[in-house]
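Coordinate analysis (summary)
Listed below, chain by chain, are the residues.
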Amino acid sequence: MKKIATLLAAALTLGLGATSCLSDPKSSQENTYTYGASSAFNRVVDRETGEATISINPNYKMVYSVDNYSDKGQVSVDMSNIQLGISGLTFRLNSLSFSYDPMTASYVTTANDITPAVNPGGYVFDKFEMKNILGRVIENQLAPVFTIRFSVNDRYDVTVMPAEVILVGNIHAVSRNAETDNKGYDTKNSIISIKVNTVKMLADVLIARAQFSQSMPQTDLLATELPVTTNNDGYTITLPEGKDKVPLKYNNNKEMEDCWLSGFSLSYNIPTGATTLKGTYTLKGRGTDADKTEVYDVDADAGYLFKVEETDKTGK
């Protein structure tokens, strides 16, 4: 039974496997990736106090060295501006083994009891886990996904959280208009992006080229400055406390006239990418009638990779 990928105009493809420089040792033996600064933040849990703190602007550099004719090898990780009780720490973890997991399109590293080669003194990484989708491409641009977490000195648990993430998933929208078919309207592999202000811990959430009915033209729908609450595996995004709705904006941050988002919640799991979005989108003039207001209840199920559809046994 053959599988096909369904894509919208904003295509997402995977640059892994045979097409990736990393997994083709004949084309390259070493690949370097950087992550952090404004694009990520660390959530650090102190086991002794139970306190979780947010540490901004960490920096990570990963150098992958590939074994000839295999998807295995070693990776070295440099990290700086790490906060573990004190700030500004720098570490280097050398020669960690990795392997490629085709089920998740990820390069996976797991190691225990590591003494860093660069060590400000007395630090041992009890566990280090890294699962990176290095060849993901969105709209013809490389968009890798990095998932990193580690524990240090049996005290600090660190989860590296993306401040900027692009997800792709399926959206189901049901109109509240009695004149509209209320079975709903589905779009495949829609793009949802999240951008977190790590100082204010407020997020902007964009559904790119949203379409909630046959008559609705594709429209970017942006909601800004939504509160972020972190947890051990990711974060949730909701409406501001005391507000039952927020204005919707175009992607250029200009407010849309009489367009609102209410009843909103988003839950994002970093290790798996599994994301759910729920909200009510009130849109004026987004259809054939410029003066008509439509209200849509929207559910989205998204992740790092596009969904695949199974064809029938004939391969059609």
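Residues numbered from 1 in each chain as written. Predicted model: local features only at pLDDT ≥ 70, side-chain atom pairs only at ≥ 80, totals over all residues. Heavy atoms only, no water.

What follows covers the pairing of strand β23 (residues 293–303). The pairing of strand β15 (residues 164–175) with β23 spans eight bridges and is classified as antiparallel. The partner of Val 174 across the bridge, within β23, is Asp 297. As paired elements, strand β22 (residues 275–284) and β23 share ten bridges and run antiparallel to each other. Pairing of Gly 279 across the sheet is with Val 298, part of β23. (Pairing = 2+ DSSP bridges. Helix = DSSP H or I, 4+ residues; strand = E, 2+ residues; numbered from the N terminus.)

What follows concerns the pattern of salt bridges. Overall, the coordinates contain eleven salt bridges when judged by the stated rule. When the shortest N-O distance is used, the salt bridge between Arg 155 and Asp 46 registers 2.8 Å. Here the residue Arg 155 occupies a position in the loop between β13 (145–152) and β14 (156–162), and Asp 46 occupies one in strand β4 (residues 40–46), the gap between them amounting to 109 residues. On the basis of relative accessible area, Asp 46 is assigned to the buried category, the value being 11%. Put simply, Arg 176 and Asp 297 hold a salt bridge, and the shortest N to O gap is 2.9 Å. Here Arg 176, found in the loop between β15 and β16 (185–197), pairs with Asp 297, found in strand β23; they are 121 residues apart in sequence, far enough to count as distant. Given the relative accessible area of 25%, Asp 297 is considered partly exposed. Connected via shared salt-bridge partners are Asp 46, Glu 48 and Arg 155. (Salt bridge = Lys/Arg side-chain N within 4 Å of Asp/Glu carboxyl O. Buried < 20%, exposed > 50% of the residue type's maximum accessible area, 1.4 Å probe, protein only.)

Across the sheet, which stays open at both edges, the ten strands sit in the order β3-β6-β7-β8-β9-β10-β13-β14-β4-β5 with antiparallel pairing between neighbours. Looking along the sheet, the strands with just one partner apiece sit at the ends: β3 (30–36) and β5 (52–56). When strand polarity is set aside, the average angle formed by the axes of neighbouring strands in this sheet is 20 degrees. With seven bridges connecting them, β4 and β14 associate as antiparallel partners. From the neighbouring strand, Val 44 faces β14, where its bridge partner is Val 158. (Axes fitted to C-alpha atoms, helices over the stretch in contact; angles between N-to-C directions.)

Nonpolar side chains in soluble globular proteins generally cluster together in the buried interior. Of all hydrophobic cores here, the largest spans 43 residues; its most connected members are Phe 212, Tyr 235, Ile 237, Phe 264, Leu 277 and Tyr 281. Residues in contact with Tyr 281, not counting those within four places in the same chain, are Ile 207, Phe 212, Leu 221, Leu 248, Trp 260, Leu 261, Phe 264, Glu 294, Val 295, Tyr 296 and Val 298. Residues Met 62, Val 77, Ala 105 and Phe 150 belong to the second largest nonpolar core, which totals 34 residues. (Core = buried A, V, L, I, M, F, W, Y, C linked by side-chain atoms within 4.5 Å. Contact = heavy atoms within 4.5 Å.)

Looking at the secondary structure, you find Val 77 in strand β7 (residues 72–84). Taking the relative accessible area as the measure of exposure, Val 77 reaches 1% and is therefore buried. When the C-alpha atoms of Val 77 and Tyr 60 are compared, they prove to be 6.9 Å apart, with 17 residues separating the residues in sequence. Apart from the residues within four sequence positions on either side, Val 77 is in contact with Lys 61, Met 62, Phe 91, Arg 92, Leu 93, Leu 96, Phe 128 and Met 130.

The residue Ala 40 is located in strand β4 in this model. Spatially, the C-alpha atoms of Ala 40 and Thr 198 are 8.2 Å apart, while their sequence positions differ by 158 residues. Leaving out residues up to four positions away in the same chain, Ala 40 has contacts with Tyr 35, Asn 57, Pro 58, Val 160, Met 161, Pro 162 and Ala 163.

Moving on to the side chain of Ser 106. Looking at where Ser 106 falls in the secondary structure, it is placed in strand β9 (residues 106–114). In terms of polar contacts, Ser 106 uses its side chain to reach the backbone carbonyl oxygen of Thr 104, at 2.9 Å. Beyond its immediate stretch of four places on either side in the chain, Ser 106 contacts Ser 99, Tyr 100, Asp 101, Lys 131, Asn 132 and Ile 133. (Polar contact = N/O pair within 3.5 Å; in protein donor to acceptor, adjacent residues only side chain to side chain.)

By the definition in use, this model includes 16 aromatic pairs. Joined through ring pairs, the aromatic side chains of Tyr 33, Tyr 35, Tyr 64, Phe 98, Tyr 100, Tyr 107 and Phe 146 make up one cluster. For the cation-ring pair, Lys 245 lies above Trp 260, with the distance from its terminal atom to the ring centre recorded as 4.1 Å. (Phe/Tyr/Trp six-rings, centres within 6.5 Å; stacked < 30°, edge-to-face > 60°. Lys NZ or Arg CZ within 6 Å of the ring centre and 35° of its normal.)

What follows deals with unusual backbone geometry. The backbone phi angle of Ala 37 is positive, close to 55 degrees, even though this residue is not glycine. Its place among the elements puts Ala 37 in the loop between β3 and β4. Take Ala 37: its relative accessible area is 32%, and that puts it in the partly exposed class.

Another aspect to go through is the side chain of Ser 55. The residue Ser 55 is located in strand β5 in this model. Not counting residues up to four positions away in its chain, the partners in contact with Ser 55 are Phe 41, Asn 42, Val 44, Asn 81 and Gln 83.

What follows is about a nonpolar patch on the surface. Together, Ile 54, Ile 56 and Val 199 line one region of the surface with nonpolar side chains, adding up to about 240 Å² of accessible area. Here Val 199 lies in the loop between β16 and β17 (202–210). Residue class for Val 199 comes out exposed when judged on its relative accessible area of 65%. (Patch = residues over 30% accessible without salt bridge, like charges linked within 9 Å, V, L, I, M, F, W, Y side chains within 5 Å. Areas by Shrake-Rupley, 256 points an atom, 1.4 Å probe, with all protein chains shown as cover.)

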